[in-house]
Amino acid sequence: MYGDEPGQWGGLHFLSSSKDNILGHVRIKNAVVGVRVDSLSNNSNPKLILNNSVIKNMQVAGLLMYNAEVSGFNNLVYNCGQFLLYAGLGGRYDLKQNTFAGMNFTLSRQTPAVYFGDYYQADKTLQTAALEVSLVNNIIWGSNAAELLVERKGNAAFAVSVQNNLLKTTDAALAAGNLINQDPLFANARKENYRLSIASPARKKGADLASDPYFNPYLMFDMDKKPRIFPSDLGCYEFK
């Protein structure tokens, strides 16, 4: 009965002194927060590279980050109580070819699936920090009307690029360069199969990432180890 019960353990927490962390080909489930990162990198590499991994059934959030530096490629995140990904107080985030599926058949959620903000509100004191976000070739979908939210409260550097994604959103400005409010037609979300069906609008819509510095180690193949040929399908799975 506890096989898929959220909140059974705390999750993974990468502290400020850690560096060069890589999580690849792992399955993390049933925690309060799947992965927490709350500091910027202390060298030229990201604090964490998460790749080809599944994060699911979290009581609060799949990924929880505060002023952190995280890169994510070919990941599937779904079924979390509040956020699939929450990034507050700025930071640097590079996310490509991920599937964030906020269908929430078993957990009620009112918050957006994916959130980025340059601020942290605590004890009535507004703190802000620089925010850099790159979202390319992802699927961000779910049961709410707006599943991607980006907020700016301060005057720190703010650079957000959102291109070639499929998004559930109420922000009409995101229609430029993205597919918005088009059901990705997952193969069978209720059975946790987030591969694409043959009629999915997310097929063959991906930007060419062959020149990306992380292409060879992480993006050349999809989650199922199928070769990624551009224009790729959006999300972590190629339809072949």
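A brief structural summary. (Residues numbered from 1 in each chain as written. Predicted model: local features only at pLDDT ≥ 70, side-chain atom pairs only at ≥ 80, totals over all residues. Heavy atoms only, no water.)

**Focus: the overall build of the protein chain**
Across its full length, the protein chain holds one helix and 21 strands. Its C-alpha atoms give the protein chain a radius of gyration of 17 Å, near enough to 18 Å, the size a compact globule of 240 residues would have. If one aligns the C-alpha atoms of the protein chain with their principal axes, the spans along those axes are about 50 × 45 × 35 Å. The burial tally for the protein chain puts 53% of its 240 residues in the buried class. Long-range pairs, those at least 24 residues apart, make up 62% of the contacts in the protein chain with a sequence separation of at least 6. (Helix = DSSP H or I, 4+ residues; strand = E, 2+ residues; numbered from the N terminus. Rg over C-alpha atoms; globule rule 2.2 N^0.38 Å. Buried < 20%, exposed > 50% of the residue type's maximum accessible area, 1.4 Å probe, protein only. Contact = heavy atoms within 4.5 Å.)

**Comments concerning the pattern of salt bridges**
For the structure on display, the rule yields ten salt bridges. K29 is the salt-bridge partner of D4, the closest N and O atoms lying 3.5 Å from each other. Remark: K29 occurs in strand β3 (residues 27–29) and D4 occurs in the segment before β1 (12–14); sequence separation between them is 25 residues. Look at D4 and you get partly exposed, because its relative accessible area is 41%. Here the salt bridges share partners, and the residues they tie into one network are D4, K29, K56 and E192. (Salt bridge = Lys/Arg side-chain N within 4 Å of Asp/Glu carboxyl O.)

**Re the sheet that holds strand β10 (residues 99–102)**
Read from one edge to the other, the open sheet built from seven strands follows the order β3-β6-β8-β10-β15-β18-β19, with strand pairing classed as parallel. Of all strands in the sheet, those bounded by a partner on one side alone are β3 and β19 (179–180). In this structure, strand β8 (residues 76–80) lies alongside β10, joined through three bridges in parallel fashion. Bridge assignment links Y78 to a residue of β10, and that residue is A101. (Pairing = 2+ DSSP bridges.)

**Looking at the pairing of strand β11 (residues 114–117)**
Working note: regular strand, side chains alternate between the two faces of the sheet. Residue alternation in β11 divides its side chains into two sets, V114 and F116 and Y115 and G117, and both sets are buried. In terms of strand pairing, β11 meets strand β16 (residues 148–151) through four bridges, oriented parallel. Its bridge partner being in β16, G117 is matched across the sheet by E151.

**Focus: the layout of surface pockets**
Each pocket or cavity is described by its volume, and for the largest pocket that value is around 230 Å³. Taken together, 15 residues line the largest pocket, and the ones lying closest to its centre are N57, N79, F105, T106 and E192. The volume enclosed by the second largest pocket comes to roughly 160 Å³. Around the second largest pocket sit P112, A146, L148, L149, V150, V160, V162, T169, T170, D171 and L174, which together line it. Put simply, the parts of the chain that give the lining of the second largest pocket at least two residues each are β16 and β17 (158–163). With three residues, the top contributor of residues to the lining of the second largest pocket is β16. Along the lines of polarity and charge, the residues of the lining of the second largest pocket split into eight nonpolar, two polar and one charged. (1 Å grid on protein atoms, 1.4 Å probe; cavity = no way out; pocket = protein on both sides within 12 Å on 5 of 7 lines; lining within 4 Å. Points joined across faces, edges and corners; volume = space filled by probe spheres on them. Nonpolar A, V, L, I, M, F, W, Y, C, P; charged D, E, K, R; others polar.)

**Here's the deal with the nonpolar core**
As a rule of thumb, nonpolar side chains are buried together in soluble globular proteins. Counting residues in hydrophobic clusters, the biggest one holds 33 residues, and the most contacted among them are V35, M65, L85, Y93, F116 and L148. Looking at this core, the elements that each hand over two or more residues are β4 (33–37), β5 (48–51), β6 (54–58), β7 (61–73), β8, β9 (83–96), β11 and β14 (131–136). At five residues, β9 tops the list of elements feeding residues into this core. For F116, the contacting residues outside a window of four places in its chain are L85, A87, Y93, L95, L131, V133, L135, L148, L149, V150 and E151. (Core = buried A, V, L, I, M, F, W, Y, C linked by side-chain atoms within 4.5 Å.)

**Concerning empty space enclosed by the protein**
Empty space among the atoms becomes visible once a probe the size of a water molecule is rolled across them. Inspection of the entire model under this criterion finds one cavity of 30 Å³ or more. Quantified by volume, the largest cavity comes out at close to 50 Å³. Lining the largest cavity, in full, are L50, L63, V70, G72, N75, V77, L95, N98 and F100. When its residues are assigned to classes, the lining of the largest cavity shows six nonpolar, three polar and no charged.

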